[in-house]
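Chains, contacts and geometry: an overview
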Amino acid sequence: MGMTMTQKILAAHAGLESVKAGQLIEANLDLVLGNDVTTPVAVKAFQNIGVDKVFDKNKVAIIPDHFTPNKDIKSAEHCKIIREFAYEKEVKNYFEVGQMGIEHCLVPEAGLAVPGDVIIGADSHTCTYGALGAFSTGVGSTDMAVGMARGVAWFKVPSALKFVLKNKPAKWVSGKDIILHIIGMIGVDGALYKSMEFCGDGLDYLTMDDRFTIANMAIEAGGKNGIFPVDDKTIEYVKEHSDKEWKKFEADEDAEYYAV
């Protein structure tokens, strides 16, 4: 039996020829992300692990987002923790005040996510980067800590829902409208721990912003991740924003889906 796009990416990062839904694996990570809400907890957990440095200072990103600029003393103390951690561990992709912003916009714009990556982030909307053909998912702060320390994370390989988008959207219909319609169809738990994989000729009419928005909201249906195939629009975006090496994965024709 063939593999879905998500399953192929996970297999490659686990060093396996193939994986199947429900299988437990440990996969190498290309990026570990945290923000100013979740990273302080991760820092404390990291200190308990007992390692001196992060697994790769180029593959950790810490972006003050929710409480920056700081709204009060408590949020300033949170940001002080992650600032000191970032400087101590020489985290390359730490975004200081004046550079920071909405993390899920900054990560792709800064070229930190590319096709074929495996990315975890201590924020539920980390699934955004599936728009670039990466496997990207949200985790808890302790998983972020282990990711920063070891460069790996464990996953239960998800089954997949295949969404075939057909034809051209009507005027004023955006990616937000499309994903809200899909969630209305399947329910807020309709993709629980499943990969939402999008395909079809309708993709030709979706901008990268549309795709980021759709992938971002996979979690609102309970999805493990959302993911788009890598096409000319993806490649154009990646070339404009990143100099990282990337790899294109495609679902097998005989891939097995939970539903289409």
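Residues numbered from 1 in each chain as written. Predicted model: local features only at pLDDT ≥ 70, side-chain atom pairs only at ≥ 80, totals over all residues. Heavy atoms only, no water.

**Considering the packing of aromatic side chains**
- Evaluation of the coordinates by the stated rule reveals six aromatic pairs.
- Seen from their ring centres, Phe163 and Phe198 are 5.4 Å apart, and the 25 degrees between their planes marks the pair as stacked. Linking Phe163 in strand β8 (residues 159-164) with Phe198 in strand β9 (residues 194-199), this pair joins segments that are 35 residues apart in sequence. Neither residue differs from the other here; Phe163 and Phe198 are each classed as buried.
- Connected via pairs of aromatic rings, a cluster forms that spans Phe163, Phe198 and Phe228.
- Over the ring of Phe67 we find Lys71; its NZ or CZ atom is 5.2 Å from the centre of that ring. (Phe/Tyr/Trp six-rings, centres within 6.5 Å; stacked < 30°, edge-to-face > 60°. Helix = DSSP H or I, 4+ residues; strand = E, 2+ residues; numbered from the N terminus. Buried < 20%, exposed > 50% of the residue type's maximum accessible area, 1.4 Å probe, protein only. Lys NZ or Arg CZ within 6 Å of the ring centre and 35° of its normal.)

**Brief notes about helix α5 (residues 141-150)**
- Residues of α5 that are buried: Ser141, Met144, Ala145, Gly147, Met148 and Ala149.
- Elements in contact with the buried residues of α5: β2 (31-35), α2 (39-49), β3 (60-63), α3 (73-88), β5 (118-121) and β7 (152-156).
- Residue Gly151 follows α5 closely and has a positive phi angle near 75 degrees. (Contact = heavy atoms within 4.5 Å.)

**Comments concerning the pairing of β3**
- The side-chain alternation of β3 yields two buried faces, one formed by Val60 and Ile62 and the other by Ala61 and Ile63.
- As paired elements, β2 and β3 share four bridges and run parallel to each other. Along β3, the bridge assignment pairs Asn35 with Ile63.
- Each parallel crossover has a hand, and the one from β2 via α2 to β3 is right-handed.
- Of the strand pairs in this sheet, β3 and strand β4 (residues 93-94) are connected by two bridges, and their pairing is parallel. When the bridges of β4 are listed, Ile62 appears paired with Tyr94.
- Handedness of the crossover is the feature at issue here: the chain leaves β3, passes through α3, returns alongside β4, and the resulting connection is right-handed. (Pairing = 2+ DSSP bridges. Right-handed = clockwise from strand over helix to strand, strands pointing away.)

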